Amino acid sequence: MGGPGDVSRTHAWQTLLAHAGEVRPQHVLNLFQLDPERGPRLSVEAAGWYLDYSKNRITTRTLDLLLRLARATRLPARIDAMFNGDPVNVSEGRAALHVALRMPADGSVQVDGRDVVPEVQRVLRRMERFAGRVRSGAWRGGTGKRIKNVVNLGIGGSAVGVSMACAALQHYGRPDMQFRFVSNLDGADFFHATRDLDPRETLFIVCSKTFQTLETRRNAAAARAWCQEDIQDESAVQAHFVAVTGNREAAIQAGFAPEHVFDVWDWVNGRYSLCSAMGLALMAAIGPAAFREMLAGFHDMDAHFLSAPLECNLPVLHALMAVWNNNLLGSRSVAVLPYEHYLRCFPSYVQQLMMESNGKSVTQDGAPVACHTSPIYWGACGTNGQHSFHQLLHQGSQIVPCDFIGFLSPLPPSAHGHEELLANMFAQAQALAFGRPLGESDGPADAQVQEGHRRVQGNRPSNTLLAARLTPRTLGALVALYEHSAYTQGVIWDIDSFDQWGVELGKTLAVHIAQALAAGQAGAPGPDSSTRTMMQKYLDDKTAAAMCATERT
């Protein structure tokens with residue numbers, strides 16, 4: 001189902017553009033003064049999460065026009081299309097059915113006339129049996145020793161989500177087991193992840209949808225060599241490796257026992273794959289019951305996104321604020337600021353989700369887009385960020401919308417400082433919105449220059465997301481919220497949020513350059529004297545190092 005094409009030509013968009021000119025001079029402080037109930041009125045609650053979006057520079061008419069835009073781009077029908085298994089990944093002709101991964105066992109989702117939920121549940125049960133054996137000690141390494149370390153080998157969608165979730169749910173994990181992640185092609189990543197581990201107590205989960213990903217293949221080969229050096233018996237080494245892939249045959253040809261291969265499907269995009277077997281390391285870390293609870297949180301938000309009216313739909317409102325700030329008010333980046341130590345990896349996860357999904361410059365029919373698509377997402381944990389980049393947020397020349405994320409109760413319950421942590425989060429959002437006008441300095445103001453330096457203008461937008469406590473269920477709902485916000489934004493821009501062709505060119509060029517370097521050639525094609533020069537510098541250094549080594553011997 002196609003979208004509107006050039007959304008900037010629609011009446012809804014043109015009306016919003018004119019309206020933005022009216023709103024831009026207004027200060028959010030005045031909007032609160034005019035409407036004492038603005039805070040509770042511009043908030044929504046669903047799936048365990050409370051979203052306050054009142055500190056955005058919007059009026060009632062703004063919200064009405066944004067909802068008109070959502071309907072003009074046929075958002076409700078596009079949501080239905082995704083949940084129905086239609087090929088919403090238009091450039092690859094595939095469904096994007098990550099919602100099927102967290103569907104209850106009695107649910108049904110059709111792909112090409114086939115209900116995929118029974119197959120999803122079959123793989124989940126296999127995962128549960130495997131994770132249970134690893135956690136109980138029944139799964140032994142090749143020498144009979146208990147597995148104490150699990151290392152996930154993957155990159156991108158095969159690593160970012162599961163590593164984020166393992167950090168987020170560390171409180172619910174096993175303190176007697178270590179879970180580590182290796183993704184980088186740089187061998188230092190593997191070296192530092194394994195240098196204090198015992199191969200006889202280590203299990204590797206090799207995650208690659210295609211089983212062709214260069215970084216994962218190289219790290220898997222390094223892992224096998226590392227195990228073989230210590231264990232030596234090849235048949236024993238097999239007990240230290242399992243694979244997660246959509247290419248079962250390639251995994252078996254690479255030496256994985258068939259019973260050690262867990263399946264994913266082509267309708268699962270990598271960055272949306274946490275709930276699939278790509279989350280196997282997470283299930284081993286937190287246990288099958290907690291993993292199922294996380295899936296329930298995902299499904300809570302899925303059901304809300306599918307059924308709630310747009311005007312009280314949490315992911316839709318979150319996305320509309322992003323479109324308003326990005327496209328109509330000109331803010332080109334978003335800061336994601338979790339005030340929760342366990343969510344320290346969440347900004348990086350959102351960065352990949354949003355920027356790989358919506359970093360596109362053509363519409364679904366291949367025509368150039370006529371408006372900006374994804375802003376740049378970045379961020380860090382509070383309160384660390386307050387002593388780093390918040391200065392720019394408050395007084396910089398660029399306005400950066402912020403997502404604050406916090407919890408009413410600490411984790412663990414005995415953690416100190418939680419009240420002060422929440423106070424800082426609330427205060428940062430308040431200061432960004434309302435600022436401090438001239439004449440309200442809290443320090444000496446005996447000169448106009450001093451007053452100017454202290455002035456904080458405010459009028460900087462933010463959302464605040466609050467939940468009772470960080471649990472597997474609230475984490476699942478939070479991730480689903482951002483997934484559906486990404487899709488909603490993509491629908492409005494009429495882009496394909498589920499492909500990533502832009503990353504392929506660099507991979508292809510890297511293969512050619514690596515082959516040239518291996519052959520001792522600085523052979524960058526075309527007029528690129530820059531790359532050829534750098535390749536030659538590498539080759540010269542390699543030659544010099546080899547000569548030095550020869551002289552030493």
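Being a predicted model, the structure only gives us computed values, none of them experimental. (Residues numbered from 1 in each chain as written. Predicted model: local features only at pLDDT ≥ 70, side-chain atom pairs only at ≥ 80, totals over all residues. Heavy atoms only, no water.)

Take the sheet that holds strand β9 (residues 261-263) next. Read from one edge of the open sheet, five strands run β6-β5-β7-β8-β9, paired in parallel fashion. Both outer strands of the open sheet, β6 (178-182) and β9, are each paired with one neighbouring strand and no more. Geometrically, the sheet is characterised by an average inter-axis angle of 20° between neighbouring strands, direction not taken into account. Bridge count between strand β8 (residues 241-245) and β9: three bridges; the pairing is parallel. Bridging across to β9, alanine 243 finds its partner in valine 261. Its contacts with the sheet put helix α6 (residues 117-136) on β5 (149-153), β7 (202-207), β8 and β9, and the angle it makes with β9 is roughly 145°. With respect to the sheet, helix α9 (residues 214-231) is in contact with β5, β6, β7 and β8, its orientation differing from that of β7 by roughly 160°. (Pairing = 2+ DSSP bridges. Helix = DSSP H or I, 4+ residues; strand = E, 2+ residues; numbered from the N terminus. Axes fitted to C-alpha atoms, helices over the stretch in contact; angles between N-to-C directions. Contact = heavy atoms within 4.5 Å.)

This part covers α6. Helix length check: α6, at 20 residues, gives a terminal C-alpha distance of 28 Å against a target of 28 Å (1.5 Å per residue), a fit within 8%. Buried residues of α6: Val117, Val120, Gln121, Val123, Leu124, Arg126, Met127, Phe130, Ala131, Val134 and Arg135, and no others. Where α6 terminates, the next one or two residues include glycine 137, which has phi positive at roughly 95°. (Expected span 1.5 Å × (residues − 1). Buried < 20%, exposed > 50% of the residue type's maximum accessible area, 1.4 Å probe, protein only.)

Okay, the environment of serine 183 next. Secondary-structure assignment places serine 183 in the loop between β6 and α8 (187-194). Relative accessible area serves as the criterion here: at 25%, serine 183 is assigned to the partly exposed category. Spatially, the C-alpha atoms of serine 183 and asparagine 152 are 8.3 Å apart, while their sequence positions differ by 31 residues. Excluding anything up to four places from it in sequence, serine 183 contacts Gly154, Ile155, Ala159, Asp189, Glu215 and Asn219.

Take the sheet that holds strand β2 (residues 49-52) next. Think of a sheet as strands paired side by side through backbone hydrogen bonds, with each pair either parallel or antiparallel. Spatially, six strands are ordered β1-β2-β13-β12-β10-β11 in an open sheet, and the strand pairing comes out mixed. The sheet terminates laterally at β1 (43-46) and β11 (376-379), the two strands that pair on one side only. When strand polarity is set aside, the average angle formed by the axes of neighbouring strands in this sheet is 20°. Taken together, the four bridges between β1 and β2 define a ladder with antiparallel strand orientation. By the bridge assignment for β2, valine 44 is matched with leucine 51.

Time to look at the pattern of salt bridges. If you walk through the whole model with that rule in mind, you get 23 salt bridges. With a closest N to O distance of 2.7 Å, arginine 102 and aspartate 302 form a salt bridge. With arginine 102 in the loop between α5 (75-83) and β3 (110-111) and aspartate 302 in helix α13 (residues 288-307), this residue pair connects regions lying 200 residues apart in the sequence. Beyond isolated ion pairs, a larger network of salt bridges with shared partners links Glu119, Arg122, Arg248 and Asp263. (Salt bridge = Lys/Arg side-chain N within 4 Å of Asp/Glu carboxyl O.)

Now for the environment of valine 109. Relative to the assigned elements, valine 109 resides in the loop between α5 and β3. On a C-alpha basis, the gap between valine 109 and leucine 97 in space is 8.5 Å, while along the polypeptide they are twelve residues apart. Valine 109 has contacts with Phe83, Leu97, Ala100, Met103, Arg114, Asp115, Val116 and Val117, leaving out every residue within four places of it along the chain.

Below, the discussion takes up helix α17 (residues 418-434). In this model α17 runs 24 Å from its N-terminal to its C-terminal C-alpha over 17 residues, within 8% of the 24 Å that 1.5 Å per residue would give. Looking at α17, one finds that the buried residues are His418, Leu421, Leu422, Met425, Gln428, Ala429, Leu432, Ala433 and Phe434. If you follow the buried residues of α17, they end up packed against α2 (28-34), α16 (390-395), β12 (402-407) and β13 (462-467). Among the residues trailing α17, glycine 435 stands out with phi positive, at a value near 65°.

The side chains of a regular strand alternate between both faces of the sheet. By the criterion of burial, β8 is predominantly enclosed, with five of the five residues buried. As judged from the four bridges shared by β7 and β8, these two strands associate in the parallel manner. The partner of phenylalanine 204 across the bridge, within β8, is phenylalanine 241. Taken together, β8, helix α11 (residues 248-253) and β9 form a β-α-β motif whose crossover is right-handed. (Right-handed = clockwise from strand over helix to strand, strands pointing away.)

To continue, consider the packing of helix α20 (residues 502-518) against helix α21 (residues 529-552). The contact between α20 and α21 brings their axes to 11 Å, and the two run at 40°. When the interaxial angle is binned, α20 and α21 end up oblique. Read as a crossing pair, α20 and α21 show a hand that is right-handed. Facing Ile513, Ala516 and Leu517 of α20, the residues of α21 in contact are Thr531, Met535, Tyr538, Leu539 and Lys542. Partitioned by chemical class, the residues of the contact of α20 with α21 number six nonpolar, one polar and one charged. (Parallel < 35°, antiparallel > 145°, perpendicular 65-115°, else oblique. Left-handed = near helix turned anticlockwise from the far one by under 90°. Nonpolar A, V, L, I, M, F, W, Y, C, P; charged D, E, K, R; others polar.)

With that settled, the discussion passes to unusual backbone geometry. Looking along the chain, the bond that leaves glycine 382 and enters threonine 383 is cis, with omega of 10°. Along the chain, threonine 383 falls in the loop between β11 and α16. The linkage connecting leucine 411 with the following residue, proline 412, adopts the cis geometry, with an omega of -5°. Structurally, proline 412 can be placed in the loop between β12 and α17. A positive phi angle, near 50°, is found at alanine 47, a position not held by glycine. A relative accessible area of 26% means that alanine 47 is categorised as partly exposed. The phi dihedral of arginine 74 falls on the positive side, at around 60°, and the residue is not glycine.

Turning to its location among the elements, glutamine 170 is positioned in the loop between α7 (160-168) and β6. Sequence-distant contacts of glutamine 170, that is, excluding residues within four places in its chain, are made with Tyr342 and Arg344.

Looking at the element boundaries, histidine 318 is found in helix α14 (residues 314-328). Those residues in contact with histidine 318 that sit more than four places away from it in its chain are Leu51, Asp403, Asn463, Leu481, Tyr482 and Ser485.

Below, the discussion takes up the nonpolar core. One finds Trp49, Trp267, Leu282, Phe346 and Tyr482 to be the most contacted residues of the largest nonpolar core, which totals 125 residues. Sort the elements by how many residues they give to this core and helix α19 (residues 472-493) lands first, with twelve residues. Filtering out sequence-adjacent residues up to four positions away, tryptophan 49 remains in contact with Val44, Met301, Leu314, Ile405, Gly406, Phe407, Leu465, Leu466, Ala467, Thr474, Ala477 and Leu478. Counting residues in each nonpolar core, the second largest holds 22 residues, with Val182, Phe211, Ala223 and Trp226 among its members. (Core = buried A, V, L, I, M, F, W, Y, C linked by side-chain atoms within 4.5 Å.)

Geometric values such as these leave the question of function open.
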